[in-house]
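The primary structure of each chain is shown beneath.
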Amino acid sequence: MNNFIKFTFTIALLAICSLQVMGQEYDLLIKGGHVIDAKNNIDEPMDIAITGDKIALVQKSIDEDLASEVIDATGMIVSPGLIDIHTHNFYGLDPRGQYSNGYSAIHPDGFTLPYGVTTVVDAGGSGWRNFIQFKEQVIDRVRTRVFAMLNIVGHGMKGALYEQNLDDMDPKMAALVAKQHPDYIVGFKVAHYAGHQWQQIDRLVKAGELADIPVMVDFGGANPPLSLETLFMEKLRPGDIYTHIYGGGGFGREALVDPAGRLRPFIKAAQERGIIYDVGHGGSSFAFKHAIPSMQQGIKPNTISTDAHMSSIMSGMKNMTNVMSKFLNMGMNMQEIIAASTWKPAQVIKHTELGHLSEGAIADIAILNVLEGNFGFTEKTGVGKMMGKYKIENELTIQSGKVVWDLNGLTAPLWDE
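The rules behind each value
- Residues numbered from 1 in each chain as written.
- Predicted model: local features only at pLDDT ≥ 70, side-chain atom pairs only at ≥ 80, totals over all residues.
- Heavy atoms only, no water.
- Phe/Tyr/Trp six-rings, centres within 6.5 Å; stacked < 30°, edge-to-face > 60°.
- Helix = DSSP H or I, 4+ residues; strand = E, 2+ residues; numbered from the N terminus.
- Buried < 20%, exposed > 50% of the residue type's maximum accessible area, 1.4 Å probe, protein only.
- 1 Å grid on protein atoms, 1.4 Å probe; cavity = no way out; pocket = protein on both sides within 12 Å on 5 of 7 lines; lining within 4 Å.
- Points joined across faces, edges and corners; volume = space filled by probe spheres on them.
- Nonpolar A, V, L, I, M, F, W, Y, C, P; charged D, E, K, R; others polar.
- Axes fitted to C-alpha atoms, helices over the stretch in contact; angles between N-to-C directions.
- Left-handed = near helix turned anticlockwise from the far one by under 90°.
- Contact = heavy atoms within 4.5 Å.
- Pairing = 2+ DSSP bridges.
- Arc of directions from axis to C-beta.
- Polar contact = N/O pair within 3.5 Å; in protein donor to acceptor, adjacent residues only side chain to side chain.
- Patch = residues over 30% accessible without salt bridge, like charges linked within 9 Å, V, L, I, M, F, W, Y side chains within 5 Å.
- Areas by Shrake-Rupley, 256 points an atom, 1.4 Å probe, with all protein chains shown as cover.
- Salt bridge = Lys/Arg side-chain N within 4 Å of Asp/Glu carboxyl O.
- Lys, Arg positive; Asp, Glu negative; His and termini not counted.
- Charge placed at Lys NZ, Arg CZ, Asp CG, Glu CD.
- Parallel < 35°, antiparallel > 145°, perpendicular 65-115°, else oblique.

Draft legend 1. Expanded view of the packing of aromatic side chains. Across all of its chains, the model carries 10 aromatic pairs by this definition. When the ring of tyrosine 246 is compared with that of phenylalanine 327, the centres are 5.9 Å apart and the planes differ by 40°; the resulting orientation is tilted. Of the two residues, tyrosine 246 is situated in the loop between strand S14 (241-242) and helix H7 (267-273) and phenylalanine 327 in helix H9 (residues 320-329); the sequence distance between them amounts to 81 residues. Measuring from centroid to centroid gives 5.3 Å for phenylalanine 286 and phenylalanine 288, while their planes differ by 85°, and the two rings are edge-to-face. Accessibility expressed as a relative area gives 7% for phenylalanine 288, which makes it buried. Through pairs of rings, three or more aromatic residues link up here, namely Phe232, Tyr242, Phe266 and Tyr277.

Draft legend 2. Local environment of the layout of surface pockets. Its boundaries defined by the atoms lining it, the largest pocket holds a volume of some 340 Å³. For the lining of the largest pocket, the class distribution of residues is 5 nonpolar, 11 polar and 4 charged.

Draft legend 3. Structural detail: the packing of helix H4 (residues 171-180) against helix H5 (residues 199-211). Close contact between H4 and H5 brings their axes to 8 Å; oriented N to C, the two are set at 35°. Of the two possible hands of crossing, H4 and H5 adopt the one that is right-handed. Here Pro171, Lys172, Ala174, Ala175, Ala178 and Lys179 of H4 come into contact with H5, specifically with Arg203, Lys206, Ala207, Leu210 and Ala211. Residues of the contact of H4 with H5, tallied by class, amount to 7 nonpolar, no polar and 4 charged.

Draft legend 4. Looking closely at the sheet that holds strand S10 (residues 117-127). With parallel pairing, the 7 strands of this open sheet are ordered in space as S8-S10-S11-S12-S13-S14-S15. The sheet is open, and its two borders are formed by strand S8 (82-87) and strand S15 (276-277), each paired with just one other strand. The pairing of S8 with S10 spans 4 bridges and is parallel. Bridge pairing in S10 places aspartate 84 opposite valine 120.

Draft legend 5. View of helix H10 (residues 334-341). The complete set of buried residues in H10 reads Met334, Ile337, Ile338, Ala340 and Ser341. Along the axis of H10, the buried positions cluster into a sector of 165°, meaning they face one direction only. Of the residues that open H10, the one with a side-chain oxygen 3.1 Å from the backbone nitrogen of glutamine 335 is asparagine 333.

Draft legend 6. Summary view of helix H2 (residues 131-139). Along H2, the residues that are buried comprise Phe131, Phe134, Lys135, Val138 and Ile139. Taken around the axis of H2, the buried residues stretch over an arc of 105°, which confines them to a single face. Buried residues in H2 make contact with strand S9 (91-94), S10, strand S11 (145-151), H4 and strand S12 (185-191).

Draft legend 7. Quick peek at a negative patch on the surface. Among the surface-exposed residues, Asp63, Glu64, Asp65 and Asp72 lie close enough to one another that they form a single negatively charged patch. Along the chain, the position of glutamate 64 falls in the loop between strand S5 (54-59) and strand S6 (67-72). The class of glutamate 64 is partly exposed, set by a relative accessible area of 43%.

Draft legend 8. Up close: the pairing of strand S2 (residues 34-37). Examined bridge by bridge, S2 and strand S3 (residues 42-45) share 4 bridges and lie antiparallel to one another. Its bridge partner being in S3, isoleucine 36 is matched across the sheet by aspartate 43. Between S2 and S3, which follow one another and run antiparallel, lie 4 residues, and asparagine 41 among them has a positive phi close to 55°. With 2 bridges joining them, S2 and strand S7 (residues 77-80) adopt parallel strand pairing. If you follow histidine 34 over to S7, its bridge partner there is isoleucine 77.

Draft legend 9. Structural context of the packing of H9 against H10. Between H9 and H10, whose axes approach to 10 Å, the crossing angle comes to 140°. It follows that H9 is oblique to H10 by the angle criterion. You can see that H9 and H10 cross each other, and the crossing is right-handed. Of the residues in H10, those in contact with Met320, Met324, Phe327 and Leu328 of H9 are Met334, Ile337 and Ser341. Tallied by class, the residues present in the contact of H9 with H10 amount to 6 nonpolar, 1 polar and no charged.

Draft legend 10. Focus on the sheet that holds S7. Strand order in this open sheet of 6 strands is S3-S2-S7-S16-S17-S18, and the pairing throughout is mixed. In the strand order of this sheet, the two ends are held by S3 and strand S18 (402-406), each with one partner. Between one strand axis and the next, the sheet turns by 35° as a mean value, whatever way the strands run. Seen against the sheet, H9 touches strand S16 (365-380) and strand S17 (383-399) and runs at an angle of roughly 125° to S17. Here H10 sits on the sheet and contacts S2, S3, S7, S16 and S17; the angle it forms with S7, its principal contact strand, is near 30°.

Draft legend 11. Here's a closer look at the pattern of salt bridges. Tallied over the full model, the rule gives 13 salt bridges. A salt bridge links aspartate 202 to lysine 235, with the nearest nitrogen and oxygen atoms 3.1 Å apart. You can see aspartate 202 sitting in helix H5 and its partner lysine 235 sitting in helix H6 (residues 228-235), a full 33 residues away along the chain. Residue classification places lysine 235 among the partly exposed residues on the basis of a relative accessible area of 23%. The salt bridge partner of arginine 262 is aspartate 258, with a shortest N-O separation of 3.1 Å. Residue classification places aspartate 258 among the buried positions, given a relative accessible area of 18%.

Structure representation (structure tokens):
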């Protein structure tokens, strides 16, 4: 009889548990956060429910009982997963490889997911000769979603001797490889070319035309510098990207402002024409003396990016949220900053399935805190400090519906409960 009672009780308990599970429509529920989603014009407290790897529902209030797990985001900002379109992730063991299978590039996961970044674009590390190695060695093996701007130089960003070789800048071969891998290659890049010719830019743009994707230019190296006005108004197409927008002035390229801090007359017209202004902070490609007057005169970045590599992460750049924090303290608001770190870069690289929180979209989400205090921000170590009241910190990262970073244990119960 006792065994019969135990059996009956067990069956009843299993039935109750089954009913509870059946009643839980969502795997994960983010409650109480302030959602900022540029694509959908959301800037208010909302709840977000996730099922599998997709966003299932976004609305004012969703019943907690409908979810298997609930994250309390009260007082925090809920953003689409951040998209960093200028990084260097073709890491490897070639001592002479630099950013192309070398020591200067970094494994992305430790420098993306902890800072709310779920998607990156490697900016020119690989070229048409070695993209397959990059894909098999990095893209296919890391958790971060990695796209590539293919270098117009066939050997990629392997150092000065390779990057000056016009004979290795082959638009036809670059476009051919891009067309073979459209799910991964989102553009072309040129960098560090030191000559006074325009052939490197012409070949870059030709590849972009052949593959129908944008190009990114890291301009400079010529002394005196080549004309930014010619680059912006004659060479590049609307939708093409100029990175290191607040650099220059001492690195073989013109700054946006003249030595007196006045915006050069063609800068606004170029942005209005559709040239994408990308931060690309890097280790030595950002200066407050250019950024602050440019922003005061109306030039804000279209896209915020890090130019993350081994030296920049150890210097003034540090990480994505640190770069975003600089712009918050220089006058951009959180809505503008999140748009420039999510939806706008998704549009620029033509991957509009990312960068937003629409129902049915991939569940890439960053939960952010804006801290208030007295914070210092540098251009690079020991140089050019700016003090600021605000600092953005990433609390939790969700990629494709899975929690991949949880700074303060938002998803964990207390140890003694």
